[in-house]
Amino acid sequence: MIRTHNCGELSEIIVGNEVTLVGWVSRIRDLGGVLFIELRDMYGRVQLVVEPSRADVFKQAKEVSLYYVLKAKGIVRNRPENMINPELPTGKIEVEVRDFEVLNTTPPLPFLPEDDVKVQEDTRLSWRFLDLRRPRMQRNLVFRHELLQLVRNFLSSKGFIEIETPFLTKSTPEGARDFIVPSRNFPGKFYALPQSPQLYKQILISSGFDRYFQIVRCFRDEDLRQDRQPEFTQIDLEMSYPEIDDIFLLIEELFVNIFDKLFNKKLATPFQRISYHESLTKYGSDKPDLRIKEEIIDLAVIFSSTDNALLSKIIAEGGKILALRSEKVFSRKEIEDIRNKMIAEGAEGVLYFNAFGGEFSGQLGKYIPPYSCLDNGQYFVIAGPDDYKTYSLMGKLRNILFRPEDDDFKFLWVHDFPLFEWNEEEQRIDPCHHMFTQPREEDISILETNPLKVIGNQYDLVLNGVEIASGSIRNHNVNIQRKIMKLIGLDDDKIERDFGFLMKALEYGAPPHGGIALGFDRIVAMLLRLDSIRDCIAFPKTTSAQALFELAPNDVDPKQLKELHLKIEE
């Protein structure tokens, strides 16, 4: 190494020693003819002092600009008492420069790679190598590395074997859209990039590997949001012979280790557990933020004898009158904004009333019986059919009305999801999560006669309103797996063509198995309290799936297309 120390490790212990440092110039000051240069690397910052008495070095240093790359040799000395910088770990010392070399120069930068710089995200992504020099970005990626190593070591200690699965596989387009890769050697045929290692990990269990894990890249050609990327990383694991509690306890212990090792904080376990039905009817969401305390209230009894035509009609049809109570009283303008937001979410509108000291006012105030016992507050009401769609609208209203009451980490297991859901657009049933989930034992008898009532052995882990993991007990019985595939519209030919290799593995003595996949990027972002997962990924895509730094996707040479037997048509 051409350096003896990094910039962050110098201290009073080595005062008087000669050191050689390298790094970027992050600050230059000229005070009374003495040059002060702040040198920075990944590990910290240190102050260099260039005295005018060293004429050659001083002359050379005067030509230096911000973010030149320097090599400096000098003597560590104590700073004068009035120049100590308590905000820097190296703030008590400085380096008196004896020798000096510019290793590289730079033109003026589009922005300074400092944490407090104000710059648009597109500019940051276009100049990603500069953005990654910012201390905050480097801390994020160092944390990501530390978390990854902790997860790998933890799972290895629990007997899990890390096995890599293929990136070039076959397309089975039953979930999100696949990224497809043309084959040069097989004209007209394509590989697909895996959306997850789901099929391979089930086959590995069938192959006799009792516990598998992989920290794996996955690919989905789908519309993006703040917490999604076309390529992402997940912690994927599978076990033989588990019950659901085994997986819950394993993941809870993993997070206990994470908080202990990386935050020096004790995490309370077990995590709260609720069913999908309870989650929807209490919070209006299958991924509720438990930092918000307010729950959905059913006011059907209050309005049971109302003369409000709309509400009485909904009650007569077996519908619900659902409400959320706010201790804050919103202004008319704020209420109108809330109503407009909910209409944009698909609601027909939002009603409200106030209840204070046993008196009622607002839109619905006159329809409430005077003897009604309601806590003081402002109530927002949505009326509709007795189904999950009405509750889901309440969940959206809950997120509009309230903000988290604290900044803590609230984990929640949501379990007992429906195995299927109705696809209104296609007029058919779809898997609620994926087709490989095992039905509850007691529901297998109604699998073909009443599939929408079947509950699956499916579970999600939610953190502060964000789903960070999803898993299930799988179908190890090939006959049940085949029935489910047929229920969602696959015929025997398609089952054999797309999934024959999995069905064979299940048929030949696959053990009962189950697992979970954790969204690694989301977890890093949540633990670091980042607004976007792009801030914990080295080279992310934009929300339109573009790579602004390397300018991808891009055109390819016509010769490449010809080799792949492809032609682009307008």
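Residues numbered from 1 in each chain as written. Predicted model: local features only at pLDDT ≥ 70, side-chain atom pairs only at ≥ 80, totals over all residues. Heavy atoms only, no water.

Can you walk me through the overall build of the protein chain in this structure?
Scanning the protein chain from terminus to terminus reveals 14 helices and 22 strands. Principal-axis analysis of the C-alpha atoms places the extent of the protein chain at approximately 95 × 75 × 55 Å. The burial tally for the protein chain puts 47% of its 570 residues in the buried class. Taking all contacts inside the protein chain whose residues are at least 6 apart in sequence as the whole, residues at least 24 apart take part in 67%. Between the averaged position of the 73 positive side-chain charges in the protein chain and that of its 89 negative side-chain charges there is a distance of 3 Å. (Helix = DSSP H or I, 4+ residues; strand = E, 2+ residues; numbered from the N terminus. Buried < 20%, exposed > 50% of the residue type's maximum accessible area, 1.4 Å probe, protein only. Contact = heavy atoms within 4.5 Å. Lys, Arg positive; Asp, Glu negative; His and termini not counted. Charge placed at Lys NZ, Arg CZ, Asp CG, Glu CD.)

Can you help me understand unusual backbone geometry in this one?
Apart from glycine, the bulk of residues carry a negative phi angle, and the bulk of peptide bonds sit in the trans form. In this model, Thr-269 is joined to Pro-270 through a cis peptide bond whose omega is 0 degrees. Mapped onto the fold, Pro-270 is located in the loop between helix 6 (244–263) and strand 11 (272–275). Residues other than glycine seldom take positive phi values, yet Gln-427 does so here, at roughly 55 degrees. Here Gln-427 is to be found in the loop between strand 18 (420–423) and strand 19 (428–431).

Sorry if this is basic, but what is going on with the sheet that holds strand 14 (residues 351–356) here?
Hydrogen bonds between backbone atoms are what pair the strands of a sheet, whose relative direction is either parallel or antiparallel. Ordered by their spatial adjacency, five strands build an open sheet running 12-13-16-14-15, and the pairing between neighbours is antiparallel. Edge positions in the sheet fall to strand 12 (297–298) and strand 15 (359–361), since each has one partner strand and no second. Helix-sheet contacts for helix 10 (residues 388–401) involve strand 13 (320–326) and strand 16 (377–384), and the interaxial angle to strand 13 is about 10 degrees. (Pairing = 2+ DSSP bridges. Axes fitted to C-alpha atoms, helices over the stretch in contact; angles between N-to-C directions.)

Explain the pairing of strand 18 here, please?
Along a regular strand, successive side chains alternate from one face of the sheet to the other. Two strands pair when backbone bridges link them, and strand 18 and strand 19 are joined in this way by four bridges, in the antiparallel orientation. Its bridge partner lying in strand 19, Glu-421 is registered against Asp-430. Taking the residues that link successive antiparallel strands as the turn, the strand 18-strand 19 hairpin has four residues, and the phi of Gln-427 there is positive, at about 55 degrees.

Any chance you could explain the pattern of salt bridges here in plain terms?
Where charged atoms from two side chains of opposite charge approach closely, those side chains can pair. Inspection of every chain in the model, using the stated rule, returns 44 salt bridges. With a closest N to O distance of 3.0 Å, Lys-320 and Asp-298 form a salt bridge. Here the residue Lys-320 occupies a position in strand 13, and Asp-298 occupies one in strand 12, the gap between them amounting to 22 residues. Here Arg-440 ties to Glu-442 by a salt bridge, and the two come within 3.4 Å at their closest N and O atoms. Take Arg-440: its relative accessible area is 23%, and that puts it in the partly exposed class. (Salt bridge = Lys/Arg side-chain N within 4 Å of Asp/Glu carboxyl O.)

Mind showing me how you'd approach the pairing of strand 9 (residues 211–219) here?
For strand 9, the buried fraction is high: seven of the nine residues fall into the buried class. Examined bridge by bridge, strand 6 (residues 161–162) and strand 9 share two bridges and lie parallel to one another. When the sheet's bridge partners are listed, Ile-161 is paired in strand 9 with Tyr-212. Direction of pairing for strand 9 relative to strand 10 (residues 231–240): antiparallel, over a ladder of nine bridges. Counted as the bridge partner of Tyr-212 is Glu-238 from strand 10.

Would you take a moment to explain the packing of helix 11 (residues 478–487) against helix 12 (residues 492–507) for this structure?
Axis angle and axis distance: for two packed helices, these are the angle between their axes and the distance between the axes, and together they describe the pair. For the pair helix 11 and helix 12, the least separation of the axes is 10 Å and the interaxial angle reads 160 degrees. Judged by the inter-axis angle, helix 11 sits roughly antiparallel to helix 12. For the pair helix 11 and helix 12, the sense of crossing is right-handed. Contacts from Val-478, Gln-481, Arg-482, Met-485 and Lys-486 in helix 11 reach Asp-492, Ile-495, Phe-499, Met-503, Leu-506 and Glu-507 in helix 12. Grouping the amino acids of the contact of helix 11 with helix 12 by side-chain chemistry returns six nonpolar, one polar and four charged. (Parallel < 35°, antiparallel > 145°, perpendicular 65-115°, else oblique. Left-handed = near helix turned anticlockwise from the far one by under 90°. Nonpolar A, V, L, I, M, F, W, Y, C, P; charged D, E, K, R; others polar.)

Would you mind showing me how to read the environment of Ser-156 here?
By secondary structure assignment, the location of Ser-156 is in helix 4 (residues 135–157). Residue Ser-156 is classed as partly exposed on the basis of its relative accessible area of 41%. In sequence terms Ser-156 and Phe-402 are 246 residues apart; their C-alpha atoms lie 41 Å from each other.

Is there a simple way to explain helix 6 in this structure?
The periodicity of an α-helix, 3.6 residues per turn, causes residues three or four places apart in sequence to face the same way. Compared with the 28 Å implied by 1.5 Å per residue over 20 residues, the 28 Å span of helix 6 between its first and last C-alpha is a close match. Ile-247, Phe-248, Leu-250, Ile-251, Glu-252, Leu-254, Phe-255, Asn-257, Ile-258 and Phe-259 are the residues of helix 6 that are buried. The positive-phi residue at the C-terminal boundary of helix 6 is Asn-264, with phi of around 50 degrees. (Expected span 1.5 Å × (residues − 1).)

Whenever I open this one, a nonpolar patch on the surface confuses me. Can you help?
A grouping of Trp-127, Phe-129, Phe-539 and Phe-549 is seen on the molecular surface, where their side chains present a nonpolar patch of about 380 Å² in accessible area. Considering the arrangement of structural elements, one finds Trp-127 in the loop between helix 2 (121–126) and helix 3 (128–131). On the basis of relative accessible area, Trp-127 is assigned to the partly exposed category, the value being 36%. (Patch = residues over 30% accessible without salt bridge, like charges linked within 9 Å, V, L, I, M, F, W, Y side chains within 5 Å. Areas by Shrake-Rupley, 256 points an atom, 1.4 Å probe, with all protein chains shown as cover.)

Is there a simple way to think about the packing of helix 7 (residues 276–283) against helix 10 in this case?
Between helix 7 and helix 10, the least distance of the axes is 7 Å, while the angle of their chain directions is 55 degrees. What the angle tells us is that helix 7 and helix 10 run oblique. Facing helix 7, whose interface residues are Tyr-276, His-277, Leu-280, Thr-281 and Tyr-283, helix 10 presents Tyr-388, Tyr-391, Ser-392, Gly-395 and Arg-398. In the contact of helix 7 with helix 10, the residues fall into five nonpolar, four polar and one charged.

What exactly am I supposed to notice about helix 7 here?
For helix 7, the complete set of buried residues consists of Tyr-276, Ser-279, Leu-280 and Tyr-283. Buried residues of helix 7, viewed axially, fall in a sector of 105 degrees; they line one side. Looking at the buried side of helix 7, the elements it contacts are strand 11, helix 10 and strand 17 (411–415). (Arc of directions from axis to C-beta.)

When you look at the sheet that holds strand 2 (residues 34–41) in this model, what are you seeing that I'm missing?
Strand order around the closed barrel formed by five strands is 1-2-3-5-4, with mixed pairing between neighbours. Mean inter-strand twist for the sheet, computed between neighbouring axes without regard to direction, equals 55 degrees. With seven bridges connecting them, strand 1 (residues 18–31) and strand 2 associate as antiparallel partners. Counted as the bridge partner of Trp-24 is Arg-40 from strand 2.

Just to check I follow, could you spell out the nonpolar core for this structure?
In a soluble, globular protein the nonpolar side chains are often hidden away together inside. One finds Ile-251, Phe-255 and Phe-411 to be the most contacted residues of the largest nonpolar core, which totals 44 residues. No other element matches helix 6, which puts eight residues into this core. Residues within four places of Phe-255 in sequence aside, it is in contact with Leu-267, Phe-271, Phe-411, Leu-461, Ile-468, Leu-518 and Ile-523. If you look at the next biggest cluster of nonpolar residues, it comprises 29 residues, including Tyr-283, Phe-330, Ile-382 and Phe-417. (Core = buried A, V, L, I, M, F, W, Y, C linked by side-chain atoms within 4.5 Å.)

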